[in-house]
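# Examining the three-dimensional arrangement
The chain contents come next:
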Amino acid sequence: MADYDVIIIGAGPGGYVSAIRCAQLGLKTAVVEGRETLGGTCLNVGCIPSKALLHASHMLHEAEHNFAAMGLRGKAPSVDWPKMLEYKDAVVEQNTRGIEFLFKKNKIDWMKGWGEILGPGKVRVDEEVHSARHIVIATGSEAASLPGVEVDEERVVTSTGALSLGRIPKRLVVIGAGVIGLELGSVYARLGAEVTVVEYLDHITPGLDKGLGKALQRSMKKQGLTFILGAAVKVVEKLKTKLKLTYELKKDGSANVLEADTVLVATGRRPFLAGIAPEALGLKMTERGQIATDAQGRTSVAGIWAIGDVTEGPMLAHKAEEEGIMVAECIAGQAGHVNYDVIPGVIYTSPEVASVGQSEEALKEAGWAYKVGKFSFMANARAKTVFQGEGFVKILSDQETDRILGVHIIGPAAGELIHEACVAMEFGASAEDLARTCHAHPAFSEAVREAALDCGDGAIHA
Ligand code: NAI
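Heads up: these notes are all about the structure in this document. Starting afresh in each chain, residues are numbered from 1 along the sequence in its written order. At least 70 in pLDDT is required for a residue's local features to be given in this predicted model, at least 80 for side-chain atom pairs to be given and counted, and no such filter applies to totals for whole chains, interfaces and linings, which use all residues. Neither water nor hydrogens contribute to the side-chain values; these are computed over all heavy atoms in the structure.

As a further point, take the environment of Asp341. Examined against the element boundaries, Asp341 turns out to sit in the loop between α9 (317–331) and β18 (345–347). Only protein chains enter the accessibility calculation, which uses a 1.4 Å probe. A residue is then buried if its area is under 20% of the maximum for its type, exposed if over 50%, and partly exposed in between. We classify Asp341 as exposed; its relative accessible area is 56%. It is 9.0 Å that separates the C-alpha atoms of Asp341 and Leu405, two residues lying 64 residues apart in sequence. When checking whether two residues touch, look at their non-hydrogen atoms; a contact exists if any pair is within 4.5 Å. Contacts of Asp341, omitting those with residues within four sequence positions, involve Val356, Gly357 and Met425. Helix and strand definitions here come from DSSP, where helices need a minimum of 4 consecutive H or I residues and strands a minimum of 2 consecutive E residues; each element is numbered from the N-terminal end.

Here you go:
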C-alpha cells in the first residue's frame, strides 16, 4: 500500500489549495515544499507582499494629493522604508502561518525539502522516498531570463528582489510593461523614484483589451511614469555607481541608453521544473515548455497530474487554485471542472484594472457580432467622492442573444467589481440580467449596471 493517496509538489496557491481539497475529500495527503514557509511565490515574494507595498504607497499618494482637498491639513507623511518592509513582511508572515494552521487542521503532512519525482507514485525528498497513488506537480514558475541582462537581485532585480530593495531607487528602469512592471513601477513612482518602463511591443499590457491598456497608460503617465515602447533591451552594464541600459528602438534601429540605480526585469515567467525531469518521466510538454495536460489536469503519465503556472494558460494564482480543486475532485472520483472562459485578471495599479472573458480585439478577430456598453466613473457619484472618477466599465455582449462575453473595468475597486461580472457570466447571464439587478446607491458597482444598461436602451446617467 502507498504511503499517501496524493503527494503534491509545491505549496503555492495551486498546491496548498489542492491539498486542502484532497484532505476534505478524505484523501491522505502530503505536500513537498522546500521553502521555509508555505504559500509559494504568490504569498512569499509575489501577490501578497506587492499588495502590501501598493497599499502603503497608495496611502502616501492619497495623503500627498487628496488630503488637502478634503480639508485634511498637515504635512504629508515621510517614508520610513525599513518600517514599510517590516509591515510587508508581517503581512506575508500572517498569511504563510495561516496556511500552516490550515495544514494542521486538515491533517496534511508538510514534507520540508525539495521533491524529485522518481517515477509514477515515487517521490524522493532529500534521502527519503515516499509513495503515493497520485502525484500532483504544482511547482509554479520563475522569472524568465533576458540575454544581456544578469540578475543579481540587488541592483538588477526580478520581482523578488524588487520587493526587498535596500533603499528606494532614485532612478528605476523597468523592462516589460506587463502586470509586474506596472504594479511595482507604480510602487516606486509613488515613493519618489523616477520610473521609466521599456516595453518591446508598441503597447502596454499585452492580451488586455486595448481600450483598457490605453487608458491605463495615460493614467500612469500622469502619475509620472515614462514609457518607451517598441524598444528591445540589448544589454544592462553594471558600472560602479550606476547601471547603463542600452535598448534599440524598433522603428529606426537606433541604439539608446538609459541610466539607473535599479533595473527591474519583468519580461514574463517560465515554468519551474527543478526535480521534475520531464523527459526521463516521459511527460509530454507543450511547445512553450509547459507540462501538457488534458482539460482535467492529467499529464501524459498515468497517476501524475499538473496544475498552475507549470501548465498552459494564464499564470495566475486563482487559475492554479481552481485547477488544484479540480484535480483533487477528479482524484476523489468526482467531476472536477474549470471554466477557463471565466478567469478574471486584475492589475492592482491605481486606477485598478480588471478584466474577464473576451477582449474586443479577440471578438473582432473571431468575426463575432457584439454590442458594447460603456459607462464612465466620472458619472458615478461614489467614485467622485473618492477622487476616482477616472476610468470606465465596458461590457461586451452578444449582438443577438445579449449574453455577456467580456467585461473590462478600469477604475476604483475594479478588482472587486469584476466578480459581479464573473458570477453573471458563470450563470450565462445577459447584459439585461445585470441591468435589471438592483444595485445599491451610491456604489462603484452602479457603473457596472449602467454599462449593462448601455448594451440596451442606454445608461441612465450618461
Ligand atoms: P507579462 O507577460 O505580464 O509582461 C511581460 C512584458 O514584458 C510584456 O509586455 C512583454 O511584451 C515585455 N517584454 C518581453 N520581453 C521584453 C524585452 N526583451 N524588452 C522589453 N519588453 C519585453 O509578465 P510579468 O509582468 O513579468 O508577469 C509574469 C506573470 O505573473 C504574468 O503571467 C502575470 O499575469 C503574473 N502576475 C500577475 C499579477 C496579478 O494578477 N495582479 C501580478 C504580477 C504578476
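Another point: the site of the ligand. If you check the shell around the ligand, you find 23 residues, and the closest are Ile180, Glu183, Glu199, Gly268 and Val346. Under this definition, polar contacts are N or O atom pairs within 3.5 Å; protein pairs additionally need one hydrogen-donor-capable and one acceptor-capable atom, and for neighbouring residues in sequence, both atoms have to be side-chain atoms. Gly268 places a main-chain nitrogen or oxygen 2.9 Å from an oxygen atom of the ligand. In this structure, Val346 approaches the ligand through a main-chain N or O atom, which is 2.8 Å from a nitrogen atom. Accessible surface area values rest on a Shrake-Rupley calculation with a 1.4 Å probe, where residue burial reflects the displayed protein chains alone. For the ligand, whose accessible area on its own is 840 Å², the fraction buried by protein is 79%. For this description, a residue counts as near a given molecule or strand if any of its non-hydrogen atoms is within 4 Å of it.

Glancing now at the pattern of salt bridges. Only one rule defines a salt bridge in this text: a Lys or Arg side-chain nitrogen within 4 Å of an Asp or Glu carboxyl oxygen. If you walk through the whole model with that rule in mind, you get 20 salt bridges. Here Asp152 and Lys238 are joined by a salt bridge, their closest N and O atoms 2.9 Å apart. A residue pair is termed long-range when its members are at least 10 positions apart, and Asp152 in the loop between β7 (141–143) and β8 (156–157) and Lys238 in strand β12 (residues 231–238) qualify at 86 residues. In this structure Lys238 comes out as partly exposed when scored by relative accessible area, which is 31%. Each of Glu93, Arg97 and Glu100 takes part in salt bridges that share partners, so that together they form one network.

Before going further, it helps to examine the side chain of Thr29. Position of Thr29 among the secondary structure elements: in strand β2 (residues 29–33). A distance of 2.9 Å separates the side chain of Thr29 from the backbone oxygen of Leu27, its partner in a polar contact. Other than its neighbours up to four places away in sequence, Thr29 contacts Tyr4, Val6, Ile8, Ala19, Cys22, Ala23, Lys107, Ile108 and Asp109.

This part is about the sheet that holds strand β13 (residues 243–249). Strand pairing requires that DSSP identify at least two bridges connecting the strands. The 3 strands are arranged β12-β13-β14 in an open sheet whose pairing can be described as antiparallel. Both outer strands of the open sheet, β12 and β14 (255–260), are each paired with one neighbouring strand and no more. When the angles between neighbouring strand axes are averaged without regard to direction, this sheet yields 25°. In the sheet, β12 pairs with β13 via 7 bridges, with the strands oriented antiparallel. In this analysis an axis means a line fitted to C-alpha atoms, helices contributing only their contacting stretch, and an angle means the value between N-to-C directions, from 0 to 180 degrees.

Along any regular strand the residues' side chains alternate between the sheet's two faces. The buried fraction of strand β10 (residues 194–198) amounts to 4 of the 5 residues, a majority that puts the element mostly inside the structure. Bridge count for strand β9 (residues 171–175) against β10 is 5 bridges, and the pairing is parallel. Within the sheet, the bridge partner assigned to Arg171 lies in β10 and is Glu194. In this fold, the crossover linking β9 to β10 by way of helix α6 (residues 179–190) has right-handed handedness. Convention used here: a crossover is right-handed provided that the path from the first strand, over the helix, to the second strand proceeds clockwise when the strands point away from the viewer. The handedness of the β10 to strand β11 (residues 226–228) crossover, carried by helix α7 (residues 210–222), is right-handed.

What follows deals with a positive patch on the surface. On the surface, Lys210, Lys214, Arg218 and Lys374 cluster together into a positively charged patch. The biggest single contributor to the positive patch is α7, with 3 residues. For Lys210, the location among the structural elements is in helix α7. Residues enter patches when their relative accessible area tops 30% and they take part in no salt bridge; the joining distance is 9 Å for like charges and 5 Å for the nonpolar side chains Val, Leu, Ile, Met, Phe, Trp and Tyr. Here the positive residues are Lys and Arg and the negative ones are Asp and Glu; neither His nor the chain ends is included. One atom stands in for each charge, and that atom is NZ of Lys, CZ of Arg, CG of Asp or CD of Glu.

What follows deals with the sheet that holds β18. If you trace the 5 strands from one edge of the open sheet to the other, you get β18-β19-β22-β21-β20, paired in antiparallel fashion. Unpaired on one side and paired on the other, β18 and β20 (370–376) mark the two borders of the sheet. Each neighbouring strand pair of the sheet contributes to a mean axis angle of 10°, computed without reference to strand direction. By the bridge criterion, 3 bridges tie β18 to strand β19 (residues 352–357) in an arrangement that is antiparallel.

Turning our eyes to something else, we now look at the environment of Arg167. Tracing the chain through its elements places Arg167 in the loop between α5 (159–162) and β9. The class for Arg167 is exposed, based on a relative accessible area of 55%. With 85 residues separating them along the chain, Arg167 and Pro82 place their C-alpha atoms 8.3 Å apart.

With that out of the way, let us pick up the state of the cysteines. We call a pair of cysteine sulfur atoms a disulfide when they lie within 2.5 Å. As enumerated under the stated definition, the model contains 1 disulfide in all. Between the sulfur atoms of Cys42 and its disulfide mate Cys47 the distance is 2.4 Å. On the sign convention where negative is left-handed, the bridge of Cys42 and Cys47, at about -135° about the S-S bond, is left-handed. Assessed through its relative accessible area of 12%, Cys42 is described here as buried. Here Cys47 falls in the partly exposed class, since its relative accessible area comes to 29%. We note that Cys438 lacks a disulfide partner, and the nearest cysteine sulfur, in Cys455, lies 19 Å from it. Residue Cys438 is classed as exposed on the basis of its relative accessible area, which comes to 72%.

Proteins that are soluble and globular tend to have nonpolar side chains buried together. Here the nonpolar core consists of buried residues drawn from Ala, Val, Leu, Ile, Met, Phe, Trp, Tyr and Cys, with membership extended through side-chain atoms lying within 4.5 Å. Grouped together as the largest cluster of nonpolar side chains are 37 residues, with contacts concentrated most on Trp81, Tyr188, Val195, Leu216 and Leu264. Residue assignment for this core shows that the elements contributing at least two residues are α3 (47–65), α4 (81–105), β9, α6, β10 and α7. In terms of residue count, α6 provides more of this core than any other element does, 5 residues in total. Residues within four places of Leu264 in sequence aside, it is in contact with Val157, Thr158, Ser159, Ala162, Leu172, Val173, Val174, Ile175 and Leu184. In terms of nonpolar packing, the next biggest core, distinct from the first, is built from 30 residues, Ala383, Ile395, Val407 and Leu434 among them.

Shape descriptors only; they carry no functional weight alone.
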